[in-house]
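The lines below spell out each chain.
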Amino acid sequence: MTQTARLAVDIGGTFTDVVLQLPERAFSTKVLTTHGAPERAVLEGTNLILAQAGLSAADLALVIHGTTLATNALIERKGARTALVTTEGFRDSLEIAYEHRFEQYDLYMERPEPLVSRPWRLEVPERMAADGTVLLPMREEALDAIGKQVASGDIEALAISFLHSYQNAAHEIRAKEILSRYLPAEVIAISSEVCPEIREYDRTSTTVANAYVLPLMESYLRRLEEGLNTLGSRAPLLLIMSSGGVTTVETARRFPIRLVESGPAGGAILAQLIAAESGIDRALAFDMGGTTAKITLIDDMKPQQARHFEIARAARFVKGSGIPVRIPVIDMVEIGAGGGSIARVDGLSRITVGPDSAGSMPGPACYGRGGTLPTVTDADLLLHWIDPAHFAGGQISLFPEASATACAETVANPLAMSLEQAALGITEIVTETMANAARVHAVENGKETAGRTMIAFGGAAPLHAARMAQKLGIDRVLVPVGAGVGSAHGFLGAPIGYEVVRTRLVSLNAFDAGLVNDLFAAMREEAEAVVRLGAPDVALQEVRTGFMRYRGQGHEVPVILPDGVYGAGDVAVFRAAFEATYHALYGRTIPKLEIEALTWTLSLAEAKPLPARIPDPPPAAAPAPSGRRSLIDPGTGTALEAAIYERAALPAGARIQGPAVIVEAETSTLVPLGFQAGPNAAGHILIERTAR
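For the structure given in this document, a descriptive report is provided here. (Residues numbered from 1 in each chain as written. Predicted model: local features only at pLDDT ≥ 70, side-chain atom pairs only at ≥ 80, totals over all residues. Heavy atoms only, no water.)

### Notes on the overall build of the chain
Then step 1. Of regular secondary structure, the chain possesses 16 helices and 35 strands.
Then step 2. Referenced to the eigenvectors of the C-alpha coordinate spread, the extents of the chain come out at roughly 80 × 65 × 60 Å.
Then step 3. For the chain, the residues scored as buried account for 58% of the 692 residues in total.
Then step 4. Pairs at least 24 apart in sequence give 68% of the contacts found in the chain among residues at least 6 apart.
Then step 5. The average position of the 61 basic charges and that of the 78 acidic charges among the side chains of the chain differ by 2 Å. (Helix = DSSP H or I, 4+ residues; strand = E, 2+ residues; numbered from the N terminus. Buried < 20%, exposed > 50% of the residue type's maximum accessible area, 1.4 Å probe, protein only. Contact = heavy atoms within 4.5 Å. Lys, Arg positive; Asp, Glu negative; His and termini not counted. Charge placed at Lys NZ, Arg CZ, Asp CG, Glu CD.)

### Remarks on helix α12 (residues 419-444)
Then step 1. Here α12 spans 38 Å end to end across 26 residues, near enough to the 38 Å set by a 1.5 Å rise per residue.
Then step 2. One or two residues past the end of α12 sits G446, with phi positive at roughly 70 degrees. (Expected span 1.5 Å × (residues − 1).)

### Comments concerning helix α14 (residues 486-493)
Then step 1. Of all 8 residues that make up α14, 7 are buried, and the element is covered over most of its length.
Then step 2. Residues of α14 that are buried: G486, S487, A488, H489, G490, F491 and L492.

### Some remarks on the packing of aromatic side chains
Then step 1. In this structure the tally under the stated criterion is 11 aromatic pairs.
Then step 2. Note on Y98 and Y201: the rings are 4.9 Å apart at their centroids and 90 degrees apart in plane angle, and the pair reads as edge-to-face. Placement of the pair is Y98 in the loop between α3 (93-96) and β6 (121-124) and Y201 in helix α7 (residues 200-231), with a sequence separation of 103 residues.
Then step 3. For the ring pair F520 and W600, a centre distance of 5.8 Å and an interplane angle of 90 degrees mean the geometry is edge-to-face. You can see F520 sitting in helix α15 (residues 513-534) and its partner W600 sitting in strand β28 (residues 595-606), a full 80 residues away along the chain. (Phe/Tyr/Trp six-rings, centres within 6.5 Å; stacked < 30°, edge-to-face > 60°.)

### A short note on the sheet that holds strand β4 (residues 60-67)
Then step 1. Judged by pairing direction, the sheet is mixed, and its 6 strands sit side by side in the order β3-β2-β1-β4-β11-β12 without closing on themselves. Strands at the two margins of the open sheet, each flanked by one partner only, are β3 (26-32) and β12 (246-248). With direction set aside, neighbouring strand axes in the sheet form an average angle of 25 degrees.
Then step 2. With 3 bridges connecting them, β4 and strand β11 (residues 237-240) associate as parallel partners. From the neighbouring strand, I64 faces β11, where its bridge partner is L238.
Then step 3. Relative to strand β1 (residues 5-11), α14 is tilted by about 135 degrees, and along the sheet it contacts β1, β2 (15-21), β3, β4 and β11. (Pairing = 2+ DSSP bridges. Axes fitted to C-alpha atoms, helices over the stretch in contact; angles between N-to-C directions.)

### Side note on the packing of helix α11 (residues 400-412) against α12
Then step 1. With their axes 10 Å apart at the nearest point, α11 and α12 run at an angle of 80 degrees to one another. Classed by the angle they form, the pair α11 and α12 counts as roughly perpendicular. Contacts between α11 and α12 involve A404, C407, A408, V411 and A412 from the first element and L419, A422, A423 and I426 from the second. (Parallel < 35°, antiparallel > 145°, perpendicular 65-115°, else oblique.)

### Brief notes about the sheet that holds strand β5 (residues 82-87)
Then step 1. Spatially, the 4 strands line up as an open sheet ordered β6-β5-β9-β10, and their pairing is parallel. Every other strand in the sheet has two partners, leaving β6 and β10 (188-190) as the edge strands with one partner each. With direction set aside, neighbouring strand axes in the sheet form an average angle of 20 degrees.
Then step 2. Two elements, β5 and β6, share 4 bridges in a ladder whose sense is parallel. Bridge pairing in β6 links V85 to L122.
Then step 3. Contacts between helix α4 (residues 140-151) and the sheet are confined to β5, β6 and β9 (157-161), with β6 contributing the most and set at about 160 degrees to the helix.
Then step 4. Set on the sheet, helix α5 (residues 170-179) makes contact with β5, β9 and β10; between it and β9 the angle comes to about 155 degrees.

### Some thoughts on unusual backbone geometry
Excluding glycine, most residues fall at negative phi; most peptide bonds, likewise, are trans.
Then step 1. Following G354, the chain continues to P355 via a peptide bond in cis, the omega torsion being 5 degrees.
Then step 2. Examined against the element boundaries, P355 turns out to sit in strand β22 (residues 351-357).
Then step 3. Residue P659 is bonded to the preceding G658 through a cis peptide linkage, with omega at 5 degrees.
Then step 4. When you line up the elements, P659 lands in the loop between β31 (656-657) and β32 (660-663).
Then step 5. The phi torsion at E99 lies on the positive side, around 60 degrees, for a residue other than glycine.
Then step 6. Overall, the relative accessible area of 67% leaves E99 in the exposed class.
Then step 7. Even without being a glycine, D154 presents a positive backbone phi close to 60 degrees.
Then step 8. Mapped onto the elements, D154 comes out in the loop between α4 and β9.

### Quick look at the environment of P215
Then step 1. Secondary-structure assignment places P215 in helix α7.
Then step 2. A sequence separation of 134 residues divides P215 from R81, and the C-alpha atoms of the two residues are 9.7 Å apart.

### Re the pattern of salt bridges
Then step 1. Under the defined criterion, the tally for this structure stands at 38 salt bridges.
Then step 2. Its salt-bridge partner being E197, residue R307 comes within 2.7 Å of it at the nearest N-O pair. A residue pair is termed long-range when its members are at least 10 positions apart, and R307 in the loop between β16 (305-306) and β17 (309-311) and E197 in the loop between α6 (191-194) and α7 qualify at 110 residues.
Then step 3. For the salt bridge of E197 with R326, the shortest nitrogen-to-oxygen distance reads 3.9 Å. You can see E197 sitting in the loop between α6 and α7 and its partner R326 sitting in the loop between β18 (323-325) and β19 (329-330), a full 129 residues away along the chain. As far as burial versus exposure is concerned, E197 and R326 are alike and both buried.
Then step 4. If you follow the salt bridges from partner to partner, you end up with E197, D202, R307, R326 and E499 in one network. (Salt bridge = Lys/Arg side-chain N within 4 Å of Asp/Glu carboxyl O.)

### What about the pairing of strand β35 (residues 685-689)?
Residues in a regular strand project their side chains so that they alternate between the two faces of the sheet.
Then step 1. Across the 5 residues of β35, 4 count as buried, placing the element largely inside the fold.
Then step 2. Where strand β24 (residues 476-479) and β35 come together, 4 bridges link them in antiparallel fashion. Across the sheet, the residue bridging to V477 is I687, located in β35.
Then step 3. Pairing of strand β34 (residues 675-679) with β35 involves 5 bridges; the strand directions are antiparallel. Following the sheet pairing, A677 is matched in β35 by I687.
Then step 4. Hairpin connection between β34 and β35: a loop of 5 residues separates the two successive antiparallel strands, and G683 in this loop has a positive phi of roughly 90 degrees.

Structure (structure tokens):
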């Protein structure tokens, strides 16, 4: 048969989601993540879904994969034993960081430990000037001494970050050549390739983080490729990046740091596509899985983008408390709030939930795999929001009695409350935590949550979305088709793309059009070399950005620039674009100040038009419910009889009144009292508030 089947795989902290897309339909499944060897769950899920579709691995045309493996390694400090080679006198830059306290008044504040301990931060006599000229030639004999030290010290990966190497990479390239005699070149990362832009600490931190996960990701990707080949697949393997673009496995091996938010990025892409076909200008993407919840703002059908991200924040929601990396990333907030998040009672007799998770092993108490602490999933089960006989399409049996025991011992008995009250308290706390994260994220970006449409996906989100919408002042919630495996569906809609960055200081008072043209030409060549590996014949779309500021300012604002070849007269275009962006952010411009551009990015991706707006369907009659059960309504906290509907049985345009539960294989959607719900023309469930 013609190879038209496309496979998408998303590895999460609790479940591994697999989607198989055929021209006429899609299949999906969830399996528990196998943390010791993540590829086992991928291959197990692939076998299951191919059997469902009656296909073999040889029928696959493409495999697209996203994983939190690199993220988890950084959070849990389970990466490679790494050394840093840097310019003499700068070994402590990694620890000095920004020279500020992220909690100014906390006397007991502790910074995160650097990924490289001080004894393995090694110095080399060499020095580049800020314009790239050599001030001090590199002493190569010092590198040989370092190589011998590294080889005898069980070092598994190496990061090289020299001062001002973004302007002149010659010393870093030569250092890698010499040190490759002592360690494989595949586990050596140099900053001029990983993050060739100004700001020494961020560049070094990003390079170290990349080196830290290099051996882990290389080993995993090799095992995954071998496993897929053993199944009989000869399809190309592509990886989703934090930016929402797709890249080749070869690029992912070199720059695994670009994969740190790959799974959540797929969810944001799905939300973007849903927003386009539903005509939603202002959306809030809400992805709640087994381990974490992710929130993204989408305006004008575009997810917010950023070039700075923090991993493993020591303080929740507090900037500066994590490991900074400079990579292209969809701007989102991620918190430890998922179905597996563990509930406890603290010393002040308060219920707390997360950020730690029971994961897939031992998992929530109701999984019967050894877990003894109550989780959000246990609370959902005790509130009768989940049918234990049909969880995860019936593939995972649930044990309500285990949930009752765990919740009683840990929460209900210590607080002298009923099981239902304790379970409702757990769900209220986790929902408020997620709502608060959404508020903070919106405020930090100068936006608000009220008036948006929430797009909810992930295995746990449809159960909690309506209640969270109430807290955020949101009246409409969309639950997409295949919401339980939403990020994997998003992978299939993501474009193959890549972004290149360079730092070159250019003043608009002395605008050098030739320099800027040469810069973008070189960036285009580098980006196209990567993109064409996965998209050899398609049309490409280019986006140019200049990070610009008034002279004397410490930070820049991103300014979208026009394509094409620039001339001397285009300085007015650059100035107008900067002033428009600056005014939109700050409400004013500053006259007579010199404007300069410091960093430039070029994003190149296959041109994928967004789907067209789908008209609203005509009203249709709702079928009779398939059953009824008593559940605790999240808004009122009282027991109500709820109607149960099979999602596949609801026609487009039908409307049902809450309280109700809409069930499907990978998730269930809770429609509380005061809401109505039903499928739109695309099959997405639209939940609307009818009473306040």
